[in-house]
Amino acid sequence: MKKGQVIEGIVKRVDFPNKGIVETEDGICVVKNALPGQKVQCSVNKVRKGKAEGCLLRILEPSTLECGSPCPHFGICGGCTYLSLPYEEQLRIKEEQVKKLLDSVLDQQDSWQFEGIKESPVCFGYRNKMEFSFGDEVKDGPLALGMHKRGSFYDIVSVTECRIVDEDYRSILRCVRDYFAGLQEEGVEVPFYHRLRHTGYLRHLLVRKASKTGEILIALVTTTQTVGRLTGDGEEAVLEQEILDGLKQKLLELTLLGSIVGVLHIKNDAVADVVRSDETRILYGQDFFYEELLGLKFKVSPFSFFQTNSRGAEVLYQTAREYIAEYIASAGSGEGSEAVKDKIVYDLYSGTGTIAQLMAPVAKKVVGVEIVEEAVEAAKMNVELNGLHNCEFVAGDVLKVLDEIGEKPDIIILDPPRDGIHPKALDKIIRYGVEHILYISCKPTSLVRDLEVFLARGYEVKRAVAVDQFPWTANVETVCLLRRSRSSFSGHSLQRLV
């Protein structure tokens, strides 16, 4: 195959996260966003060391697995990958992807057990957080508010019928988009932020809703650039605060299944296209909401990390508790929770402290480490809410904070960001030499990279399972229980000392 060549072929399989493996007469080509069984036409854009990568041009024939999509935005919006497949087929694909990746590093290990994939209790309307972007669907087109068009950095699709959120999200999105579109029709200048020119006002709409309590937090994210309409003498006739008050009123007039507990205005002048806060003002109510998981109550703020699928998170954390229970059963120093009652547990990359609080009732002490200070403050409030007094949370980078904690761990739980664990932090974690490590990963490719290091340093994987936290998308969580092999670990430590 040559660069620029247009080829046709059948998608044999999809590797994580969305790499369609296309078989053609000229060889194999990797094409994103294709589904197993589809006949596709693609253009080759890279050939390196005999491997070709291409861009999907057309779907010539659908897969026999496809059953139609319930969302009119599917294929245009870049959010969902598997929405035209039955849910059972999506689970099979993700299970095979995770198993293949784990096999690539565990093929020499006979004792580990892969337990397949656990489905999400809710397939549609499951997300408790959405970050919508302002823009236009075509150049100089009408105002759009939604998700990025597939394969585009600039174009936005107004996802008014999105199926991975419930009707409250769709109502709020339509309300905000229509409100600002109406202002523009009236001659009030409220332009969206142009990512190339770095000019404009409207950036994002952040919506968070608790699955159990129904509480809703809404944040409009803008720049600090001038907004409004000028009179003939150059004075503002419509002020920013009037615009924000008008939006607040429109939102509070909505009939929703849940209840709005806070409306915020967040100012962000960063060049990068990320949702962050330089300044946050409360327009109505409060800047947090409450969610409940597995009998515990959590206070969640705009930017604190919290699993985006609350019902699925209960499955994930129940699995984590089950895996830790295996440690308890195999510890041999007591029955049930007594085996871990006098143990120190590290919860690294702890977010708002969900896992830490689940472990607290059966541990001597839990130490959570999280780099986002806002999340740490929320974690401290959450332990007070739940009456837990043996949790300590430290704000900072895991790499640096580990040197400052005096008490050494007996068990380590890891739930790092998508890119996995920094190599130097990984080395410090391994040096503790704890018997068991529980690794929760939202990106299996990062997980297997880190597992290679663990395996080389004397750990072995005992159990692993995939958990579908993100139905219809290409993402999947994986839970791994690692155990230290005394003989190999001791040999490695001795070698390091020598």
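See the structure shown above.
Note that this is a predicted model, so its numbers are computed, not measured.

Novice: Which residues make up the nonpolar core, and what values go with them?
Specialist: Counting 89 residues, the largest nonpolar core has Leu-102, Phe-180, Leu-348 and Leu-414 as the members making the most contacts within it. Ranked by the residues each element gives to this core, the list is headed by helix H2 (residues 167-185), at 8 residues. Setting aside chain neighbours within four positions, we find Phe-180 in contact with Phe-134, Leu-143, Val-190, Leu-202, Leu-220, Ile-243 and Leu-247. By size, the runner-up hydrophobic cluster in this structure holds 44 residues, among which are Leu-206, Leu-293, Phe-306 and Val-383.

Novice: I'd love a proper account of the state of the cysteines, names of residues and values included.
Specialist: Evaluation of the coordinates by the stated rule reveals 0 disulfides. Looking at the unpaired Cys-77, the closest cysteine sulfur is the one in Cys-80, lying at 6.4 Å. Note on Cys-77: relative accessible area 10%, which makes it buried. Cys-175 takes part in no disulfide bond, and the closest cysteine sulfur to it belongs to Cys-162, at a distance of 17 Å. Exposure remark for Cys-175: the relative accessible area of 11% places this residue in the buried category.

Novice: Talk me through the sheet that holds strand S24 (residues 477-484); I want residue IDs and the actual numbers.
Specialist: Overall, mixed pairing links the 8 strands, which are arranged S6-S23-S24-S22-S21-S18-S19-S20 in an open sheet. On the outer flanks of this sheet lie strand S6 (113-118) and strand S20 (391-395), each paired with one strand and no other. Put simply, the sheet's adjacent strands are angled 15° from each other on average, direction ignored. Pairing geometry for strand S23 (residues 459-467) and S24, over 8 bridges, is antiparallel. Counterpart to Val-465 in the pairing with S24 is Val-479. The strands touched by helix H1 (residues 87-106) within the sheet are S6, S23 and S24, with S6 carrying the most contacts at an inclination of about 155°. Running over the sheet, helix H6 (residues 373-385) touches strand S19 (365-370) and S20 and is turned about 165° from S20.

Novice: Could you give an account of the pattern of salt bridges, naming the residues involved and the relevant values?
Specialist: This model, assessed by the stated rule, comprises 31 salt bridges. Between Lys-46 and Glu-53 there is a salt bridge; the shortest N-O distance is 4.0 Å. A salt bridge links Arg-170 to Glu-167; the shortest N-O distance between them is 3.0 Å. Of this pair, Arg-170 and Glu-167 both sit in helix H2, 3 residues apart, which is roughly one turn of the helix. Overall, the relative accessible area of 31% leaves Glu-167 in the partly exposed class. Through salt bridges with shared partners, a single ionic network connects Glu-115, Lys-118, Glu-322 and Arg-463.

Novice: Go over H6, please, and point to the residues and values.
Specialist: Counted at 1.5 Å a residue, the expected span for H6 with its 13 residues is 18 Å, and the 19 Å between its end C-alpha atoms agrees. Among all positions in H6, only Ala-375, Val-376, Ala-378, Ala-379, Asn-382 and Val-383 are buried. The arc that holds the buried residues of H6, viewed along the axis, is 160°, so those residues lie on one side. Along H6, exposed side chains directed more than 90 degrees from the buried face belong to Glu-373 and Glu-384. Directly after H6, the chain includes Gly-387, whose backbone phi takes a positive value near 65°.

Novice: So what's going on with empty space enclosed by the protein? Which residues, and what values?
Specialist: In total, this model carries 3 cavities of 30 Å³ or more according to the counting rule given. Volume-wise, the largest cavity comes out at about 70 Å³. Across the lining of the largest cavity, the residue classes tally to 5 nonpolar, 6 polar and 2 charged. One number sums up the size of the second largest cavity: a volume of about 40 Å³. What lines the second largest cavity is Tyr-317, Ala-320, Arg-321, Ile-324, Ile-355, Leu-358, Met-359, Ile-413 and Leu-438. Put simply, the parts of the chain that give the lining of the second largest cavity at least two residues each are helix H4 (310-331) and helix H5 (354-359). In terms of residues, the lining of the second largest cavity owes the most to one element, H4, which gives 4 residues.

About the criteria used
- Residues numbered from 1 in each chain as written.
- Predicted model: local features only at pLDDT ≥ 70, side-chain atom pairs only at ≥ 80, totals over all residues.
- Heavy atoms only, no water.
- Core = buried A, V, L, I, M, F, W, Y, C linked by side-chain atoms within 4.5 Å.
- Buried < 20%, exposed > 50% of the residue type's maximum accessible area, 1.4 Å probe, protein only.
- Helix = DSSP H or I, 4+ residues; strand = E, 2+ residues; numbered from the N terminus.
- Contact = heavy atoms within 4.5 Å.
- Disulfide = S-S within 2.5 Å.
- Pairing = 2+ DSSP bridges.
- Axes fitted to C-alpha atoms, helices over the stretch in contact; angles between N-to-C directions.
- Salt bridge = Lys/Arg side-chain N within 4 Å of Asp/Glu carboxyl O.
- Expected span 1.5 Å × (residues − 1).
- Arc of directions from axis to C-beta.
- 1 Å grid on protein atoms, 1.4 Å probe; cavity = no way out; pocket = protein on both sides within 12 Å on 5 of 7 lines; lining within 4 Å.
- Points joined across faces, edges and corners; volume = space filled by probe spheres on them.
- Nonpolar A, V, L, I, M, F, W, Y, C, P; charged D, E, K, R; others polar.

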